Amino acid sequence: MPVTDRRILLVLALVLAAFPWGVRAVGAVSHYLDVMVFAGIFCIVNLGLSLLMGFAGQISLAQAAFFGIGAYSSGILTVQFAWNPWAAMPMGMVLAGLVAWLVGVPALRLKGHYLAMATLGFGVIVHIVFNEEVRWTGGPSGLVDIPGLSVAGTPLRGEIAWYYLVWGTVLVALVFCLNLLHSRVGRALRAIHQEEKAAEAMGIPTARYKVQVFVLSAALAALGGSFYTHYVAFLNPGSFDLMWSIRFMLMVMVGGMQSLWGAVLGTVLMTFVGNEWLQVFADYEVLVYGSILLGMALFLPDGLVSLKSIPVRGWLRTPRSSTEGTQR
Amino acid sequence: MKATARWSQGMAVVMLAVALMWPCASVNQARAAAEEYLIGAVFSVTGGASFLGEPEKKTAEMIVEQVNKSGGINGHPVKLVLYDTETDATKCNLAVKKLAKHDNVPIIVGPSTSGESLAVVKVAEEEKVPLISCAASYKIVSPVEERHWVYKVAGSDSHVVGKEFDYMKAKGIKKLAVMTVSDGFGASGREELLRLAPEYGIQIVADETYGPKDTDLTAQLTKIREQKPEAIINWSVGPTQVLAVKAWRDLGMRNIPLYQSHGFGSRKNIELAGGGAEGVLLALARVNIGPLLPDNQPQKAVIMDYTKRYADLYKEPISSFGGHAWDAVTLAIEALKAVGPDRAKIRDYLENKTGFVGQHGVFKFSAKDHNGLGKDDLEMVVVKNGDWALAPWK
């Protein structure tokens, strides 16, 4: 891991650790911790998606389906079979990974729009299964009274405990993904994204790597889903439909696809924008949300992280450097 | 090239900054008026269930305005703190948490749908804030030991089934054919129909299902006809309930009475059936049929008053869903009037509330029943001359 990444990680960890005290001191934002728990859960999903989209260059519209597979695995195993939630969690990840492998082997041979359509179709199928398998999933009326998590015999209660659990997991996943990116596999992935044929010519087993990343992203999504299940204690298929796959993708894109930091930043920001900051617009909330996305797509196509590349001094100065600007 | 890029990036930063600063201003405003009594509300104003949330929001706003015009609650003005859930369980969960912790409301009305309600049951319990859901699922208030703080004002499917079975029993019907749609609404209805039939001495002779997007139900009804039932009951919402009526008429099965669920309770359905719905029977909440009620019916006055005020203000007819919001918000106001903005006292007040005359019935809450409604809060109606009429029991 490069020094810069390590420094950012340290700063992030410190900021996250101090966050609960910060928001508690300011009464008006004391409920931000609740939003942050969901943001953290979505972060776990989006780290995998960022690896897949930003680095391996594969589009997936099935992330909500894997999120749902993890969620329903945890829900069904704990409610119907009285499993310990901590045992159900890895089962969900394994199951999601297995499904991703089965789907990924044929689907990842497709490229561009076709891959997007294949994953979209798969996501819809999973959603239908959640809806129709009433005996297991509770169908459209949902699965109720899912037990919460407990650590060493004490049930996990309150936002602070959940906040630290979820964001602790995010940090661990982040370290794992950063290390992966700076390994041989990570370099290979970037090569695939840049030019798949060239990568193949260099002897990189592109198909295998693509499937592996797909499986990893599915497992991470499932982990996020398990946390969601035990946190909300209720599941219904509405939380895992195509709209959510698109939302996950938007979060990653707003932050910046080419960077894991972007995924974290975009997820936190969009969770707050979608659930909290736009409430004042009341009836016009959806319109403002749309305009923000449109604005981002027009003016910041590479996401928020691309802002760091503009040194503030140069930005304020007159644009005399326009001659050098054409190459990028 | 680069200059434009920089300018546009600058614009993006400014836009984002404005979006982030905006809420801070409104927070200060909210703090200034502390004398008010707050009522929290979460409705699906947009999204998939906006047909529920929209009339609920309008009704809630109308009632609060009305109360404030007449001097508020014991002199305290009322403020409705309303969040749109966009029919999204996650967003609803966060909105209820915000109402409980940040806005510090003494009571919450909503959510609109069963899914969202079930996603916030735990929040209401943990935050110890009374919540009056406007959705139907019985799971929202049962097991009642684990739903200390949660109430609901919409009736359950079992009430509708019970009422219709009562009527069938009075008509001497013993062999019933059931047809249901394979979605949440149909599945829940089917469960109750099959569960309650033996209690009323009714035998289910056919049990057909179909998809919510099916375009023809002739096959199901043909199979049903072979079983020679004495009545048919269809349980669905949307286009399929009209298709059932059309197939029933086209197959010439009028000699076997067709019952529908309360989902059929919109005049639009009678119109869509194009005259074919004559004779269709169903159980409806009285809010749908205000003008038909006899003058001595206790609910008549509140229903007619609501119908008139709503039509005057919004120039559109009331709906059954708006009626749920009327019941929930009026209950909240009565609780605030009686015990003030204290969560625990409001909860106890609600639990002991009996004889509350609302749009959907005369509520009798108790420690065992956080719904307070029963099958007697419904009326059997029949389609007659293209409109509803009270069904004759003799």
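Because the structure is predicted, anything quoted here is derived from the model rather than measured.

Novice: Looking at this structure, I do not really get the side chain of Ser 112 of chain B. What am I missing?
Specialist: Residue and element names in this part refer to chain B. Inspection of the secondary structure assignment puts Ser 112 in the loop between strand S3 (108–109) and helix H4 (114–127). Look at Ser 112 and you get buried, because its relative accessible area is 4%. Among the polar contacts listed, one links the side chain of Ser 112 to the backbone nitrogen of Ser 44, at a separation of 2.9 Å. Within the structure, Ser 112 has its side chain in polar contact with the side chain of Glu 56 (distance 2.6 Å).

Novice: Explain the nonpolar core here, please?
Specialist: Proteins that are soluble and globular tend to have nonpolar side chains buried together. All names here are of chain A. Membership of the largest hydrophobic core comes to 132 residues, with the highest contact counts inside it found for Phe 66, Trp 167 and Leu 174. Looking at which element gives the most residues to this core, the answer is helix H2 (residues 32–55), with 18 residues. Those residues in contact with Phe 66, other than ones at most four positions away along the chain, are Ala 96, Val 99, Ala 100, Phe 122, Phe 214, Ala 218, Ala 221 and Ala 222.

Novice: Just to check I follow, could you spell out the domain arrangement of chain B for this structure?
Specialist: Note on interface size: it is often stated as the accessible area lost on association of the parts. Residues and elements named next belong to chain B. Structurally, chain B comprises domain 1 (35–155 + 307–375) and domain 2 (157–290 + 378–390). On a C-alpha basis, the centroid separation for the pair domain 1 and domain 2 is 30 Å. Taken residue by residue, the interface counts ten residues in domain 1 and 13 residues in domain 2. Here domain 1 is connected to domain 2 by one salt bridge. Across the salt bridge formed by Asp 166 and Lys 375, the nearest N and O atoms sit 3.3 Å from each other. Taken together, the connections running from domain 1 to domain 2 amount to five residue pairs in polar contact (both at pLDDT 80 or more). A breakdown of the residues in the side of domain 1 that touches domain 2 according to their chemical character gives three nonpolar, six polar and one charged.

Novice: Is there a simple way to explain the pairing of strand S14 (residues 387–390) of chain B in this structure?
Specialist: For a regular strand, side chains alternate in direction, first toward one face of the sheet and then toward the other. All names here are of chain B. As paired elements, strand S13 (residues 378–384) and S14 share four bridges and run antiparallel to each other. Residue pairing for S14: Lys 384 is matched across the bridge by Asp 387. Hairpin geometry of S13 and S14 is characterised by an intervening segment of two residues between the two adjacent antiparallel strands and by a positive phi of about 50 degrees at Asn 385.

Novice: I'm lost on helix H10 (residues 206–232) of chain A in this one. Help?
Specialist: Side chains of residues three or four places apart in an α-helix project in the same direction, reflecting 3.6 residues per turn. Residues and elements named next belong to chain A. Relative to the 39 Å expected for 27 residues at 1.5 Å per residue, H10 spans 39 Å between its end C-alpha atoms, a close match to the ideal helical length. With 22 of 27 residues buried, H10 lies mostly within the body of the structure. Just downstream of H10, Ala 233 is the residue with a positive phi angle, here 70 degrees.

Novice: How should I be thinking about a nonpolar patch on the surface in this particular structure?
Specialist: All names here are of chain A. Taken together, the side chains of Leu 120, Val 124, Ile 128, Leu 242, Met 243 and Ile 246 present a nonpolar region at the surface, about 440 Å² in accessible area. Here Ile 128 shows up in helix H5 (residues 112–132). Relative accessible area serves as the criterion here: at 47%, Ile 128 is assigned to the partly exposed category.

Novice: Explain the sheet that holds S14 of chain B to me, please; I cannot follow it from the model alone.
Specialist: The pairing of strands in a sheet comes from backbone hydrogen bonds and takes either a parallel or an antiparallel form. Residues and elements named next belong to chain B. Taken in spatial order, the seven strands make up an open sheet running S7-S6-S8-S9-S10-S13-S14, and their pairing is mixed. Sheet topology places strand S7 (203–210) and S14 at the edges, where each strand pairs with a single neighbour. Pairs of neighbouring strands in the sheet enclose a mean axial angle of 30 degrees, with direction left out of account. Helix H6 (residues 184–196) rests against strand S6 (175–181), S7 and strand S8 (231–235) of the sheet, and its axis sits at about 160 degrees to S6. Contacts between helix H8 (residues 239–250) and the sheet are confined to S6, S7, S8 and strand S9 (258–260), with S9 contributing the most and set at about 175 degrees to the helix.

Novice: Help me understand the confidence of the model for chain A in this model?
Specialist: Detailed conclusions should not be drawn from predicted coordinates in areas where pLDDT is low. Residue and element names in this part refer to chain A. Of all residues in chain A, 94% have pLDDT values of 70 or greater, and the mean over the chain is 88. Taken element by element, the predicted model of chain A shows its lowest mean pLDDT in helix H14 (residues 312–316) (45) and its highest in helix H3 (residues 63–80) (96). Predicted confidence is poor over residues 312–328, with pLDDT under 50, and the contacts of this stretch with residues over four places away or in other chains come to nine contacts.

Novice: Sorry if this is basic, but what is going on with the pattern of salt bridges here?
Specialist: One side chain can pair with another of opposite charge once the charged atoms of both are near each other. All names here are of chain B. Scanning the entire structure with this criterion turns up 25 salt bridges over all chains. Residue Asp 387 pairs with Arg 267 through a salt bridge whose shortest N-O separation is 3.0 Å. Taken together, the residues Asp 387 in strand S14 and Arg 267 in helix H9 (residues 267–272) connect sequence positions 120 residues apart. Given a relative accessible area of 31%, Asp 387 falls into the partly exposed group. Across the pair Glu 379 and Arg 286 runs a salt bridge, and its minimum N-O distance is 2.9 Å. Here Glu 379 is found in strand S13, whereas its partner Arg 286 is found in the loop between strand S10 (281–285) and helix H10 (300–314), with 93 residues between them in sequence.

Novice: Sorry if this is basic, but what is going on with the packing of aromatic side chains here?
Specialist: Each aromatic ring pair is summarised here by two numbers: the centre-to-centre distance and the angle between the ring planes. Counted according to the given criterion, the structure contains 34 aromatic pairs over all chains. On the numbers, 5.6 Å between centres and 85 degrees between planes, the contact of Tyr 151 of chain B with Phe 365 of chain B is edge-to-face. You can see Tyr 151 of chain B sitting in strand S5 (residues 150–152) and its partner Phe 365 of chain B sitting in the loop between strand S12 (362–364) and S13, a full 214 residues away along the chain. In this pair, the class of Tyr 151 of chain B matches that of Phe 365 of chain B, namely buried. Clustering of aromatic rings is evident, with ring pairs tying together Phe 38, Phe 42, Phe 67, Tyr 72, Phe 130, Trp 162, Tyr 228, Tyr 231, Phe 240, Trp 244 and Phe 248 of chain A. Geometry around Tyr 209 of chain A places Arg 208 of chain A over its ring, the cationic atom sitting 6.0 Å from the centre.

Novice: Just to check I follow, could you spell out the side chain of Gln 63 of chain A for this structure?
Specialist: All names here are of chain A. Residue position: Gln 63 is located in helix H3. By relative accessible area, Gln 63 is classed as buried at 0%. In contact with Gln 63, other than residues within four places in its own chain, are Val 45, Leu 49, Ser 217, Ala 218, Ala 221, Ser 245 and Phe 248.

Novice: How should I be thinking about unusual backbone geometry in this particular structure?
Specialist: A negative phi angle characterises most non-glycine residues, just as the trans form characterises most peptide bonds. With an omega dihedral of -5 degrees, the bond running from Gly 110 of chain B to Pro 111 of chain B counts as a cis peptide bond. Inspection of the secondary structure assignment puts Pro 111 of chain B in the loop between S3 and H4. Between Ser 142 of chain B and Pro 143 of chain B the backbone carries a cis peptide bond, its omega angle lying at 0 degrees. Structurally, the position occupied by Pro 143 of chain B is in the loop between strand S4 (131–133) and S5. At Ala 82 of chain A, a position not held by glycine, the phi torsion is positive, near 55 degrees.

Novice: How do you make sense of the packing of helix H1 (residues 3–25) of chain A against H2 of chain A when you look at a structure like this?
Specialist: Describing two packed helices takes the angle between their axes plus the distance from one axis to the other. Residues and elements named next belong to chain A. Remark: H1 packs on H2, axes separated minimally by 10 Å, with the N-to-C direction vectors making an angle of 150 degrees. The angle between H1 and H2 falls in the class roughly antiparallel. Contacts between H1 and H2 involve Leu 16, Phe 19, Pro 20 and Val 23 from the first element and Tyr 32, Leu 33 and Met 36 from the second. Taken together, the residues that form the contact of H1 with H2 break down as seven nonpolar, no polar and no charged.

Novice: In this structure, what is going on with helix H5 (residues 157–170) of chain B? I would like to understand it.
Specialist: All names here are of chain B. Over its 14 residues, H5 runs 20 Å from end to end, which matches the ideal 20 Å to within 8%, given 1.5 Å per residue. Residues of H5 that are buried sit in contact with S6, H6, S8, S9, S10 and S13. Following H5 by one or two positions, Gly 172 has its phi on the positive side, about 75 degrees.

What counts as what
Residues numbered from 1 in each chain as written. Chains lettered and ligands numbered in written order. Predicted model: local features only at pLDDT ≥ 70, side-chain atom pairs only at ≥ 80, totals over all residues. Heavy atoms only, no water. Helix = DSSP H or I, 4+ residues; strand = E, 2+ residues; numbered from the N terminus. Buried < 20%, exposed > 50% of the residue type's maximum accessible area, 1.4 Å probe, protein only. Polar contact = N/O pair within 3.5 Å; in protein donor to acceptor, adjacent residues only side chain to side chain. Core = buried A, V, L, I, M, F, W, Y, C linked by side-chain atoms within 4.5 Å. Contact = heavy atoms within 4.5 Å. Domains from an automatic or database assignment. Salt bridge = Lys/Arg side-chain N within 4 Å of Asp/Glu carboxyl O. Nonpolar A, V, L, I, M, F, W, Y, C, P; charged D, E, K, R; others polar. Pairing = 2+ DSSP bridges. Expected span 1.5 Å × (residues − 1). Patch = residues over 30% accessible without salt bridge, like charges linked within 9 Å, V, L, I, M, F, W, Y side chains within 5 Å. Areas by Shrake-Rupley, 256 points an atom, 1.4 Å probe, with all protein chains shown as cover. Axes fitted to C-alpha atoms, helices over the stretch in contact; angles between N-to-C directions. pLDDT = per-residue confidence, 0-100. Phe/Tyr/Trp six-rings, centres within 6.5 Å; stacked < 30°, edge-to-face > 60°. Lys NZ or Arg CZ within 6 Å of the ring centre and 35° of its normal. Parallel < 35°, antiparallel > 145°, perpendicular 65-115°, else oblique.

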